[in-house]
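Letter by letter, the chains look like this.
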Amino acid sequence: MISYLLIESRDPFESNDVPYYYELAKALREAGNEVTLFLVQNGVLAARPSAPAAALSALGQSGVKVLADEFSLRERGIARLAEGIAAAAIDVVVDHLEAGSRTLWH
Amino acid sequence: MAKRTLTIALMDAPYESANLTTAFRILDVAARRGHDINVFAYEGAAALAFARQAAHPNPVHGKNLAEENHPTTKDQVAALLAEAARNGGKVDWVNCGMCVDERGVGEFVDGTRRGSPADFQAFVDASDNTLVIPTK
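Keep in mind that this is a model prediction, so the values were computed, not measured.

**Q** Can you walk me through the interface of chain A and chain B in this structure?
**A** Note on interface size: it is often stated as the accessible area lost on association of the parts. Chain A puts 21 residues into the contact, and the matching count from chain B is 21 residues. When chain A packs against chain B, close to 1800 Å² is buried across both sides, 59% of that on carbon and sulfur atoms. Our count for the chain A to chain B interface comes out at five salt bridges. The residue R25 of chain B makes a salt bridge to D69 of chain A at a minimum N-O spacing of 2.9 Å. At the boundary of chain A with chain B, the tally comes to nine residue pairs in polar contact (both at pLDDT 80 or more).

**Q** Just to check I follow, could you spell out the sheet that holds strand β1 (residues 3-8) of chain A for this structure?
**A** Backbone hydrogen bonds hold the strands of a sheet together, and the pairing may be parallel or antiparallel. All names here are of chain A. If you walk across this open sheet you meet the five strands as β4-β3-β2-β1-β5, and the pairing is parallel. The sheet is open, and its two borders are formed by β4 (85-88) and β5 (102-105), each paired with just one other strand. Looking at each pair of strands side by side, their axes are set apart by 25 degrees on average, direction ignored. Against the sheet, helix α4 (residues 91-99) touches β1, β2 (34-39), β3 (65-69), β4 and β5, its axis set at about 150 degrees to β1.

**Q** Where do I start with the packing of helix α1 (residues 18-30) of chain A against helix α2 (residues 53-61) of chain A in this structure?
**A** For any two helices packed against each other, the geometry comes down to the angle between their axes and how far apart the axes lie. All names here are of chain A. Two elements in contact, α1 and α2, have axes separated by 10 Å at closest approach and are oriented at 10 degrees. As the angle between them shows, α1 and α2 are arranged roughly parallel. Where α1 approaches α2, its residues Y22, A25 and K26 are matched on the opposing element by A55, L56 and L59. Of the residues assigned to the contact of α1 with α2, the class counts are five nonpolar, no polar and one charged.

**Q** How should the packing of aromatic side chains be read in this particular structure?
**A** All names here are of chain B. The tally for this structure, following the rule as stated, stands at three aromatic pairs over all chains. With centroids separated by 6.3 Å and ring planes inclined at 15 degrees, the aromatic side chains of F24 and W93 adopt a geometry described as stacked. Of the two residues, F24 is situated in helix α1 (residues 18-32) and W93 in strand β3 (residues 91-96); the sequence distance between them amounts to 69 residues. Three or more aromatic residues joined by ring pairs make a cluster, and in this case those are F40, Y42 and F120.

**Q** Explain empty space enclosed by the protein here, please?
**A** Gaps left between atoms show up when a probe the size of a water molecule is rolled over them. Within the structure shown, the criterion is met by one cavity of 30 Å³ or more. There is about 30 Å³ of room inside the largest cavity. Every residue lining the largest cavity is listed: S9, R10, W105 and H106 of chain A together with N19, P134, T135 and K136 of chain B. Among the residues making up the lining of the largest cavity, the classes are represented as two nonpolar, four polar and two charged.

**Q** So what exactly am I meant to see when it comes to the sheet that holds β3 of chain B here?
**A** Residue and element names in this part refer to chain B. Reading across the sheet, the five strands line up as β4-β3-β2-β1-β5 and stay open at both edges, with parallel pairing between neighbours. Only two strands of the sheet have a single neighbouring strand rather than two, namely β4 (112-115) and β5 (129-133). When strand polarity is set aside, the average angle formed by the axes of neighbouring strands in this sheet is 20 degrees. As paired elements, β3 and β4 share four bridges and run parallel to each other. Considered in β4, the bridge of V94 is made with R113.

Here is what the cut-offs are and how they apply
Starting afresh in each chain, residues are numbered from 1 along the sequence in its written order. Naming scheme: in the order in which they are written, chains are lettered from A and ligands are numbered from 1. Local features in this predicted model are restricted to residues of pLDDT 70 or higher, and side-chain atom pairs are both shown and tallied only at a pLDDT of 80 or more, whereas totals for entire chains, interfaces and linings draw on every residue. To obtain the side-chain values, all non-hydrogen atoms of the structure were included, while hydrogens and water were left out. Note on contacts: a residue pair qualifies if any of its non-hydrogen atoms lie within 4.5 Å across the two residues. A 1.4 Å probe defines the accessible area here, and the buried area is the portion of it lost by two parts on being joined, summed over both. Here, a salt bridge means any side-chain nitrogen of Lys or Arg that lies within 4 Å of a carboxyl oxygen of Asp or Glu. Between N or O atoms, a polar contact is any pair within 3.5 Å; within protein, one atom must be a potential hydrogen donor and the other a potential acceptor, and residues adjacent in sequence are included only when both atoms are from side chains. Here, a strand pair is defined by DSSP locating no fewer than two bridges between the strands. Only DSSP runs of H or I covering at least 4 residues are called helices, and only runs of E covering at least 2 are called strands; the numbering of each starts at the N terminus. As a rule, the C-alpha atoms of each element are fitted with a line to give its axis, helices using only the stretch in contact, and angles between N-to-C directions run from 0 to 180 degrees. The scheme is simple: roughly parallel for angles under 35 degrees, roughly antiparallel for over 145, roughly perpendicular for 65 to 115, oblique for anything else. Side-chain classes follow a simple rule in which Ala, Val, Leu, Ile, Met, Phe, Trp, Tyr, Cys and Pro form the nonpolar group, Asp, Glu, Lys and Arg form the charged group, and the remainder, Gly included, forms the polar group. Stacked, tilted and edge-to-face are the three classes assigned to paired rings of Phe, Tyr and Trp, where Trp is represented by its six-membered ring and a pair needs centres within 6.5 Å; plane angles under 30 degrees give stacked, over 60 edge-to-face, the rest tilted. Put simply, the grid is 1 Å and covers the protein atoms alone, a cavity is a trapped set of points that fit a 1.4 Å probe, a pocket is an open set with protein on both sides within 12 Å along at least five of seven lines, and lining residues have an atom within 4 Å of a point. Grid points are joined across faces, edges and corners, and a volume is the space filled by probe spheres set on the points.

Encoded structure:
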C-alpha cells in the first residue's frame, strides 16, 4: 500500500480545480492506497459546515483522512468543522515526508 | 525518528503568497527535528535570501522601525539555517542563478549559494523525500 499526502491550499470557491483534487484523493483511496488530504491556507474554508464540506465528509467516509491546518483555521476564525474533518498541526506534513509518503501540493 | 534528508522547492516571490508562510512553517518543523534540509529557490523565490532586503517603519500606521517589527524573508532564511544547526541538521539553500540574475538579487545571506536546476535534480536523487510548492 502506498501512502499519499495531498495538500490542498485553495478554496473551492476560488478555484474549480479543487473538486478534481478531491476526486484524485478518492480515486487513490479506491485504488487501495492510504490517503490523507491536508487542507491549508484558504483550503480550510471548505472545512466549515457548508456546501463544499459535503464532498470532504464523503471523502472521510470513503477512508480518506481529512485534516485541516489548525493555524490556518485560527487565522480565519474557524472554530467549528464539518463532520469527518479534524484539525491538525503542520507537523503532519513533516511526519509524512519522514515516512516516505508521496506528497503533493495544490 | 531517524534523521532524514528532505528537499523542498519554492517558487513564490517574497511578500506575495501565503505559500511561503506555510513553507517556512514546514521547514521550521523539519529543522527542529534535526533533519538535513535542501531548499531549491526557483523563479521569484530566488529573492527570498536577498541580503539587501530592509525592514521599514510604517508612517501610515504611526509606527517606527522597532514598533513595526517588519519581518524580512532574508532573516527568516538565516533563522532557519541557525535552527537547523542548533538541532544537529544542516540546510543547503540554493538560489537559481538565472532567476537571481533576472531579478538582480545576487547578494545572498550567508549560508546560501548560487546554483541551477541541476542542483534540484541532485537534491531529489539524494533525498528521502521531496515536496514541490508551486506558484498558483
